[in-house]
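What the coordinates show
This is what each chain is made of:
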Amino acid sequence: ALGKGGDSIQSVHTVIIDNTKFTPEITEAHVGDLIVWKNQDIFPHTATAKGVFDSGNIAPTKSFKFKILKAGTVSYGCLFHPVMKAQLKISEAPK
């Protein structure tokens, strides 16, 4: 974990953006985990899930981080490239 106390991060999951796709397309994580999207493509992209998170413009070589606060399945995509779709499958933090 990257910290002490109630707001510590359990695990970090990296999603690579390249070739106009998210890899992996399905990320399994737990509440309290951190998701990091890294743009290794030559174009800007977004990681956007309506009402949950919106990275805004992630320029090439840049990244966006989001800490998961609740369980569930979250579908997200890139606002610039509608063909880019992926999912977070979030389960409760292990006790």
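In this report, the structure presented in the accompanying data block is examined. (Residues numbered from 1 in each chain as written. Predicted model: local features only at pLDDT ≥ 70, side-chain atom pairs only at ≥ 80, totals over all residues. Heavy atoms only, no water.)

Attention shifts here to the overall build of the protein chain. Helix and strand counts for the protein chain stand at zero helices and nine strands. In sequence order, the protein chain lays out its α and β elements as β-β-β-β-β-β-β-β-β. Taking 12 Å as the expected radius of gyration for a compact globule of 95 residues, we find that the protein chain reaches 13 Å, a close match to that expectation. When the backbone C-alpha atoms are referred to their principal axes, the protein chain occupies close to 40 × 25 × 20 Å. Counting all 95 residues of the protein chain, 38% fall into the buried class. (Helix = DSSP H or I, 4+ residues; strand = E, 2+ residues; numbered from the N terminus. Rg over C-alpha atoms; globule rule 2.2 N^0.38 Å. Buried < 20%, exposed > 50% of the residue type's maximum accessible area, 1.4 Å probe, protein only.)

In this section: the side chain of His-13. Summarising the element assignment, His-13 is placed in strand S1 (residues 12-18). Using a relative accessible area of 19% as the deciding quantity, one classes His-13 as buried. Apart from the residues lying within four places of it in its own chain, the contact partners of His-13 are Thr-27, Glu-28, Ala-29, Asp-33, Leu-34, Ile-35 and Val-36. (Contact = heavy atoms within 4.5 Å.)

Burial along S1 is one-sided: His-13, Val-15 and Ile-17 are buried, while Val-12, Thr-14, Ile-16 and Asp-18, pointing the other way, are not. When S1 meets strand S4 (residues 34-39), the two strands line up parallel, connected through six bridges. Bridge pairing in S4 links Val-12 to Leu-34. One ladder, built from three bridges, connects S1 with strand S2 (residues 21-23); its direction is antiparallel. Counted as the bridge partner of Ile-16 is Thr-23 from S2. Counting the residues that bridge the hairpin from S1 to S2 gives two residues, and of these Asn-19 lies at a positive phi of roughly 60°. (Pairing = 2+ DSSP bridges.)

Let's shift gears to the environment of Ile-68. By the secondary structure assignment, Ile-68 is in the loop between strand S7 (63-67) and strand S8 (72-77). Separated by 33 residues in sequence, Ile-68 and Ile-35 place their C-alpha atoms 7.5 Å apart. The residues touching Ile-68, leaving out its near neighbours within four places in the chain, are Ala-29, His-30, Val-31, Gly-32, Asp-33, Ile-35 and Ile-90.

Time to look at the nonpolar core. Core analysis: the largest hydrophobic core is formed by 21 residues, its most contacted members being Phe-22, Trp-37, Ala-47, Phe-53, Tyr-76 and Leu-88. Those elements that provide at least two residues to this core are S1, S4, S7, S8 and strand S9 (85-91). Here this core takes three residues from S9, the largest share from any one element. Non-local contacts of Phe-22, meaning those with residues more than four positions away in its chain, are made with Val-15, Ile-16, Ile-17, Trp-37, Thr-46, Ala-47, Tyr-76, Gly-77, Cys-78, Met-84, Lys-85 and Ala-86. (Core = buried A, V, L, I, M, F, W, Y, C linked by side-chain atoms within 4.5 Å.)

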